[in-house]
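# Structural characterization, general
Here are the chains, one letter per residue:
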Amino acid sequence: MPPPPLRLPARLLHARGKTTSAQHVAARHIDHTFERLAEAHLPLVAASPLIEALRASPEPLALPGLARRLPLRLHRRGALHFFRLFPRVFHLRAPLPLSLSLTPAAAALLAVAASPAAAARTLHRLLAMSESRSLPLRAVFRVWRELALPDDFEESVVAGHPDLFRLVPNPAEPNTHNLHLVADPSTEEFTPAVEMTRPDRYHFKLQFPPGFKLTKEYRKKVKEWQQLPYVGPYEVASQRAGGSKRVSKLARRKMEKRAVGIAHEFLSLTVEKMVEVEKFSQFRKWFGIDVNVRDVFLDHPGIFYLSAKGKRHTVFLREAYDRGSLVEPNDVSEARSKLVELMLLRRRGLGNANSNANVALIDTTDSSESSDGFSEHGECLLEISDAHEQ
């Protein structure tokens, strides 16, 4: 006689399984314009640790010594092949042992940064969003290029503005420092960037991707969310009584909207209006964000777009782009765009670039290789950047 069927409680029969982070990302609506933009940046992101090492050295770096400093698994066919793919950025110098440097064109584009005064304003606004008006210096270092800070911003910006900034020891981590804002809060009158494009009070400008299905129920939820009041990024949020973790549904929605406002302002401070989600997440505690930032980006596709190209998540501010180009470009963003173009040109029109330096060391590349072939190995390339950051 077969055993009687197992009867589950009704609450388990109707329970919905939890969605994992990977499933949430995979289920997003794909915007091919932003996907192409993220893919175009893959070579530059992959080579960023190498580029920073070359910029920090006054002399060309010998390849054997460079190999010991950085994990040069830049391409499945070897590091030399990678350098030869981008002769407009990397210059191989003979004789043996080969040495490597940046081309004058690439070095000039990489040197473009904001002025110390503009960088000080950006840092001032960034620190003003922090609840404690301070941020770990290591966290600022990780986004210094996104914020267009000068190479020597510790001296030219931080030390050059003692009335605004001060470095203090980090009590939580020995031998590290926090960047503290000493400016008087009463003298600050920062207007969030969203106010420039806000259609109505508490509303955000929405630009849904092509083909996105806006059902009647979804429109209703968006309308209710738009009318929800929230605390701005430069305003002080009230603390929960007794530090309780249990909050009402309305309070959590307000917390989420405040997180949207902070993320919107952070992206507005960046040069290219985009940043890696992991880099933004390191500010989560300091900005007082109590919700998952990745879910914030995915749950608001009319404000942000999250790309998963190259095994990393990059978020874009939608309203800052029009057909894949920045609405309000500046000198720094133009230089970054030209550098990306140099990487995308690869060896086009140059023949066997750098062949005089290493013709006997590496086979010539098949002319059928394209940018799509490079992106095929993008996951491998980006492992270098991750290993160097660790």
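These lines cover the structure that appears in this document, whether it is placed above or below. Just so you know, these numbers come straight off a predicted model, no measurement behind them. (Residues numbered from 1 in each chain as written. Predicted model: local features only at pLDDT ≥ 70, side-chain atom pairs only at ≥ 80, totals over all residues. Heavy atoms only, no water.)

## A short note on the sheet that holds strand β9 (residues 314–317)
Judged by pairing direction, the sheet is antiparallel, and its three strands sit side by side in the order β7-β9-β8 without closing on themselves. The open sheet has two edge strands, β7 (274–276) and β8 (304–307), and neither has a second partner. On average, adjacent strands in this sheet sit at an angle of 20 degrees to one another, irrespective of strand direction. As defined by bridge partners, β8 adjoins β9 across four bridges and the pair is classed as antiparallel. From the neighbouring strand, Phe304 faces β9, where its bridge partner is Leu317. Contacts between helix α3 (residues 32–40) and the sheet are confined to β8 and β9, with β8 contributing the most and set at about 50 degrees to the helix. (Pairing = 2+ DSSP bridges. Helix = DSSP H or I, 4+ residues; strand = E, 2+ residues; numbered from the N terminus. Axes fitted to C-alpha atoms, helices over the stretch in contact; angles between N-to-C directions. Contact = heavy atoms within 4.5 Å.)

## Quick word on unusual backbone geometry
The residue after Ala94, namely Pro95, is reached through a cis peptide bond having omega 0 degrees. Within the secondary structure, Pro95 is located in the loop between β2 (90–93) and β3 (99–102). Note that the residue after Leu96, namely Pro97, is joined by a cis bond; omega there is -5 degrees. Along the chain, the position of Pro97 falls in the loop between β2 and β3. Non-glycine residue Arg133 carries a positive phi angle of around 55 degrees. Inspection of the secondary structure assignment puts Arg133 in the loop between α8 (116–128) and β4 (134–136).

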